[in-house]
There are 2 protein chains.
Amino acid sequence: MNNDPIQNQSIVDGLVQLSFLVQEILGRVGTEHGLSIIQLRLLGILRDREPSMRQLAKHLNLDKSSITGLVDRAERRGLVERKVSPNDRRGFNVCITPAGRELTQAGNEEIVRHVKAAVEGLTERERAQLVMLVRKILGNTVK
Amino acid sequence: MNNDPIQNQSIVDGLVQLSFLVQEILGRVGTEHGLSIIQLRLLGILRDREPSMRQLAKHLNLDKSSITGLVDRAERRGLVERKVSPNDRRGFNVCITPAGRELTQAGNEEIVRHVKAAVEGLTERERAQLVMLVRKILGNTVK
DNA sequence: CAATATAGTTTGTTTTACAAACAAAGTCAA
DNA sequence: TTGACTTTGTTTGTAAAACAAACTATATTG
């Protein structure tokens, strides 16, 4: 195991700073569209799923009571809808509305633009390398 | 310019997911020590500085009124102190207390452990590559 | 000195998040 | 099939976080 402290600090600091950079982009773009990061994530999940409240809580790693409020606010804004589950009259499936879909799409495009701009300084080869390394990290931790 | 959509999506998705992974680590470690991410950042800044409220607002990219509350809560917990500025009787310099310093140190060590664990799957050479690439990105955007 | 600018706080609002208590609907064992 | 438990979501109460506008006190400057 390597314990070179400079190397360690570098990689940790770098990844932490990078995460803040990306989150700042997400926050800024979100704000421009009247969306917080968590709402951005919510709509992102709903782009290709109609999960129950409980499943949403799991996806977002939040308490179920937090999901109630999150969905409430999004629903009030017409971005999302609760549909009574056909199988279980207790539960709902949450789905995105056309308005919500439009909003995420616009937001996502802008996020892509900004993140791309952030890696503009890398060469083609470096970007490919980065993708590879990031995949390896994510594959390592995301089960 | 390369516009391969797969490549684009990969790099953007990857960096976004990676940022959430790191932020989750920060959040989890913070929670274990009774600190939110923003408080972690606050203490981090104060490790080697004694900024004014206004400077803190700039560092953290928050409104000054948000800083009042943030520092209030940290001060109430004995992590931080307001010291009247010697030059300007309106202003304060915020400094970390020994208790605050202890807390950040403990937190930081744990963050290092967890982030290191996340890149454990990479080889020595890959980690060095990653550091280089991340530096290049950060140098690109952080002015 | 008077006018203006700056540093922080206060007040009021919203979002986010949690936890505990609850209601309604399902499930399962006897 | 009924009674006991479980699950799903909401409600209620609390707190942190964030902003904006109004405000206070101190500096600065013409």
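Here goes a summary of the coordinates provided. Worth saying up front: this structure is predicted, and the values here are computed from it rather than measured.

## Observations regarding the overall build of chain A
Inference 1: For chain A, the count of helices and strands is six helices and two strands.
Inference 2: Secondary structure elements of chain A, listed N to C terminal, follow the sequence α-α-α-α-β-β-α-α.
Inference 3: Taken over C-alpha atoms, the radius of gyration comes to 19 Å for chain A, far larger than the 15 Å a tight globule of 143 residues would show.
Inference 4: Principal axes of the C-alpha set define a box for chain A whose edges measure 55 × 35 × 20 Å.
Inference 5: A total of 143 residues make up chain A; the buried ones form 31% of that total.
Inference 6: Restricting the contact set of chain A to residue pairs at least 6 apart, pairs at least 24 apart contribute 49%.

## Considering the environment of G78 of chain A
All names here are of chain A.
Inference 1: By secondary structure assignment, the location of G78 is in the loop between α4 (64-76) and β1 (80-84).
Inference 2: Along the chain, G78 and P98 lie 20 residues apart, while their C-alpha atoms are 9.0 Å from each other.
Inference 3: In contact with G78, other than residues within four places in its own chain, are T97 and A99.

## Things to note about the interface of chain A and chain B
Inference 1: Listed by partner, the interface residues are 36 residues for chain A and 37 residues for chain B.
Inference 2: Counting residues per element, the ones that place at least two in the side of chain A that touches chain B are α1 (5-32), α5 (98-118) and α6 (124-141) of chain A.
Inference 3: In terms of residues, the side of chain A that touches chain B owes the most to one element, α6 of chain A, which gives 14 residues.
Inference 4: Of the residues assigned to the side of chain A that touches chain B, the class counts are 19 nonpolar, eleven polar and six charged.

## Concerning the protein's contact with DNA strand D
Inference 1: As a matter of local geometry, DNA strand D sits amid 22 residues, with R54, S65 and G91 of chain A together with S36 and R89 of chain B nearest to it.
Inference 2: The set of elements that each furnish at least two residues to the surface near DNA strand D consists of α3 (53-60) and α4 of chain A together with α2 (37-46) and α4 (64-76) of chain B.
Inference 3: Taken together, the residues of the surface near DNA strand D break down into five nonpolar, nine polar and eight charged.

## Regarding the protein's contact with DNA strand C
Inference 1: In the vicinity of DNA strand C, 23 residues are found, and the nearest of them are S36 of chain A together with S52, R54, S65 and G91 of chain B.
Inference 2: Listed by contribution, the elements that provide at least two residues to the surface near DNA strand C are α2 (37-46) and α4 of chain A together with α3 (53-60) and α4 of chain B.
Inference 3: Top element by residues in the surface near DNA strand C is α4 of chain A. It accounts for five residues.
Inference 4: Within the surface near DNA strand C, the residues separate by chemical class into five nonpolar, nine polar and nine charged.

## Here we look at the relation of the copies chain A and chain B
Think of it as a corkscrew move, a rotation about one axis and a shift along it, taking one chain copy to the other.
Inference 1: When chain A is brought onto chain B, the operation consists of a screw motion whose angular component is 180 degrees and whose axial shift is 0.0 Å, with 0.0 Å RMSD remaining. This pairing of chains is accounted for by a two-fold axis. Closest to the rotation axis within chain A is the C-alpha of S19 of chain A, separated from it by 2.0 Å.
Inference 2: Taken as a fraction of all interface residues of chain A, those also at the interface in chain B reach 100%, which identifies the copy contact as same-surface.

## Comments concerning unusual backbone geometry
The general pattern is negative phi for most residues beyond glycine and trans for most peptide bonds.
All names here are of chain A.
Inference 1: Of note in the backbone geometry, N61 takes a positive phi value of approximately 55 degrees without being a glycine.
Inference 2: Relative to the elements of secondary structure, N61 occurs in the loop between α3 and α4.
Inference 3: Here N61 falls in the exposed class, since 11 other C-beta atoms lie within 10 Å of it.

## Remarks on α2 of chain B
Inference 1: Listed as buried for α2 of chain B are Q39, L40, L42, L43 and L46 of chain B. Looking down the long axis of α2 of chain B, one finds its buried residues gathered within 160 degrees of arc, a one-sided arrangement.

## Thoughts on the packing of α2 of chain A against α5 of chain A
Residues and elements named next belong to chain A.
Inference 1: At a minimum axis distance of 10 Å, the contact between α2 and α5 shows a crossing angle of 110 degrees. Here α2 lies roughly perpendicular to α5, going by the angle between them. Both α2 and α5 take part in a crossing whose hand is left-handed. Contact with α2, carried on its side by L40, L43 and G44, involves G100, L103, T104 and G107 of α5 and no other residues of that element.
Inference 2: Looking at the contact of α2 with α5, its residues break down into three nonpolar, four polar and no charged.

How each quantity is defined
- Residues numbered from 1 in each chain as written.
- Chains lettered and ligands numbered in written order.
- Predicted model: local features only at pLDDT ≥ 70, side-chain atom pairs only at ≥ 80, totals over all residues.
- Helix = DSSP H or I, 4+ residues; strand = E, 2+ residues; numbered from the N terminus.
- Rg over C-alpha atoms; globule rule 2.2 N^0.38 Å.
- Buried ≥ 20, exposed ≤ 12 C-beta atoms within 10 Å, placed from the backbone.
- Contact = placed C-beta atoms within 7 Å.
- Nonpolar A, V, L, I, M, F, W, Y, C, P; charged D, E, K, R; others polar.
- Near = placed C-beta within 6 Å.
- Least-squares fit on C-alpha atoms with pLDDT ≥ 70 in both.
- Arc of directions from axis to C-beta.
- Axes fitted to C-alpha atoms, helices over the stretch in contact; angles between N-to-C directions.
- Parallel < 35°, antiparallel > 145°, perpendicular 65-115°, else oblique.
- Left-handed = near helix turned anticlockwise from the far one by under 90°.

None of the figures reported here should be taken as evidence of function without further support.
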